[in-house]
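Here's the letter readout for the chains.
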Amino acid sequence: MQKLFEYNWIVRREWYEWCEEIEEDDLLLRRTGGVGGILHTLFHIVDVEWSWIQLMEGKPDFQENFASYNTLEKIKELDGKFHGQVEDFVRNWKGEMETNVFHSVLANGDSEKYTWGEIMRHIIAHEIHHIGQLSVWSRELDRKPISANLIGRGLG
């Protein structure tokens with residue numbers, strides 16, 4: 001599981017570099033699918049990763065919105081602010097944490113429960129899903145997307 005988080009972090013950094021070559025208007029343009037546009041999607045990826053880990057640790061969730069982080073630099077700064085805590089959690093993952101239970105109360109009052117292992121795999125899959133959307137949008141801009149290939153990234 002740690003290697004897949006590392007994979008996502010590498011690919012995310014490459015998308016940040018890719019974004020540096022794109023006009024801001026194109027990065028902000030609302031697109032079909034996903035949560036909005038390219039920058040909004042990157043913000044969402046960072047937010048979801050950190051928020052789930054915060055919740056598993058019993059800490060308050062992030063309550064900011066995209067309007068406060070609507071530039072590439074602001075998103076990278078936010079990612080940098082959160083990454084240390086996320087990486088510590090991932091690096092200190094132990095097998096027995098897999099079955100820890102997280103209880104969630106929904107807005108309608110219903111409750112759900114998930115294992116921490118399920119949440120961790122969701123975080124990984126969530127980012128990979130959105131990276132696929134970024135790839136489609138990059139082609140709409142006639143740009144080559146970042147490779148999704150895990151092989152050759154030194155994650156042996």
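For the structure itself, look to the data block above.
Source: prediction; values computed, not measured.

A closer look at the side chain of Thr41
Assignment of secondary structure puts Thr41 in helix α3 (residues 38-56). The exposure class of Thr41 is buried, given its relative accessible area of 0%. When sequence neighbours within four positions are dropped, the list of residues in contact with Thr41 reads Val35, His130, Leu134 and Trp137.

Considerations on the pairing of strand β2 (residues 111-115)
A regular strand places its side chains so that they alternate between the two faces of the sheet. In the sheet, strand β1 (residues 101-105) pairs with β2 via 5 bridges, with the strands oriented antiparallel. Note on β2: the bridge partner recorded for His103 is Lys113. The hairpin turn running from β1 into β2, its antiparallel successor, is 5 residues long, and Gly109 in that turn takes a positive phi close to 95°.

A few points about helix α4 (residues 72-91)
For α4, with 20 residues, the first-to-last C-alpha span of 27 Å sits near the 28 Å given by 1.5 Å per residue. Taking the largest bend as the criterion, α4 deviates by roughly 40°, centred on His83. Among all positions of α4, only Leu72, Ile75, Leu78, Asp79, Phe82, His83, Val86, Phe89 and Val90 are buried. Residues of α4 that are buried in the fold lie against α1 (2-19), α3 and α5 (116-140).

The rules behind these values
Residues numbered from 1 in each chain as written. Predicted model: local features only at pLDDT ≥ 70, side-chain atom pairs only at ≥ 80, totals over all residues. Heavy atoms only, no water. Helix = DSSP H or I, 4+ residues; strand = E, 2+ residues; numbered from the N terminus. Buried < 20%, exposed > 50% of the residue type's maximum accessible area, 1.4 Å probe, protein only. Contact = heavy atoms within 4.5 Å. Pairing = 2+ DSSP bridges. Expected span 1.5 Å × (residues − 1). Bend = angle between axes of the 7 residues up to and from the residue.

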